[in-house]
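The residues making up each chain are set out below.
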Amino acid sequence: MKRILIVEDEAALAEGLKFNFEQEGYDVLQSADGPTAIDLVRESDPPIDIIILDLMLPSMSGYEVCRKVREFDPAVPILVLSARTLSEDKTLAFESGTDQYVTKPFALPELIARVKNLIERRPLKQGSPPGQAPQVFKFGNVTVDFLKYQLITPDEVYTLTTMEMQLMKYFVDHPDVVLSRTRILRDVWEETADITSRSIDNFVLRLRRMFEPDPSEPRYLVSIRGTGYRFIPSGDATS
């Protein structure tokens, strides 16, 4: 049975979510504040499979909860469920390590589908990743280990979040192909309305900072003006 942690200080909403996810066959834990949530993620046995996280919490914001969780568990999917709708809020949430962002009010069937989808993507960590990408992929002096969620350079080992790894895998699956932002949105985020082209650009920027020798002049993950991106494993951006 998959385990969900709901971090929400509005008791009626938290109880409603708990009831509906239990009806879907999930084991549900609850927390009304950040510190308790962090302890639950650390100590839960069996481990938490996904976190549904409000941003406006007492004593510690959802952004900080997300950052703290990412320090010891970069792979657990985190879905933000928030009344905040500004693009700045969404950008900060993704920069903190969020995988998906759903705004309140929300449609329950859509939320359940998002949760199911994120949980299904997580086995990438334990077994062979679906699709064409190999378990380990190398380009230049970079190694991507899809089983360990790691991107390894000569200077540092980066542990990727679920969606960072999903996006990296998508680029590896489509080498030397011009990928539009619309296509990336459709195939990686399944056209969620809460992911914008700016959000995709932020994810790409974070990946570039990990492996590009000069992120301002990318050789491997290049921009195609007005369209999207192209991943060039050879590192020859002029090809």
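Our subject is the structure listed above.
What counts as what
- Residues numbered from 1 in each chain as written.
- Predicted model: local features only at pLDDT ≥ 70, side-chain atom pairs only at ≥ 80, totals over all residues.
- Heavy atoms only, no water.
- Pairing = 2+ DSSP bridges.
- Helix = DSSP H or I, 4+ residues; strand = E, 2+ residues; numbered from the N terminus.
- Axes fitted to C-alpha atoms, helices over the stretch in contact; angles between N-to-C directions.
- Parallel < 35°, antiparallel > 145°, perpendicular 65-115°, else oblique.
- Left-handed = near helix turned anticlockwise from the far one by under 90°.
- Contact = heavy atoms within 4.5 Å.
- Nonpolar A, V, L, I, M, F, W, Y, C, P; charged D, E, K, R; others polar.
- Buried < 20%, exposed > 50% of the residue type's maximum accessible area, 1.4 Å probe, protein only.

1. Notes on the pairing of strand S12 (residues 228-231)
In regular strands, side chains alternate between the two faces of the sheet. Note: strand S10 (residues 178-180) against S12, three bridges, orientation antiparallel. Residue Val-178 lies in a different strand from S12, and its bridge partner there is Arg-230. With four bridges connecting them, strand S11 (residues 221-224) and S12 associate as antiparallel partners. Opposite Val-222, over in S12, you have Arg-230 as the bridge partner.

2. Looking at the environment of Leu-207
Tracing the backbone shows Leu-207 in helix H8 (residues 197-211). It is 27 Å that separates the C-alpha atoms of Leu-207 and Leu-111, two residues lying 96 residues apart in sequence.

3. Examining the packing of helix H3 (residues 62-72) against helix H4 (residues 87-96)
The geometry of H3 relative to H4 is characterised by a closest axis approach of 8 Å and an angle of 20° between their N-to-C directions. For the element pair H3 / H4, the angle class is roughly parallel. As H3 runs across H4, the sense of the crossing is right-handed. Of H4, the residues touching H3 (which contributes Tyr-63, Cys-66, Arg-67 and Arg-70) are Asp-89, Leu-92, Ala-93 and Ser-96. Per-class residue counts for the contact of H3 with H4 are four nonpolar, one polar and three charged.

4. Focus on the environment of Val-102
Residue placement: Val-102 occurs in strand S5 (residues 100-103). With a relative accessible area of 4%, Val-102 lands in the buried category. With 52 residues separating them in the primary sequence, Val-102 and Pro-154 have C-alpha atoms 37 Å apart.

All we've got here are geometric facts, nothing functional implied.
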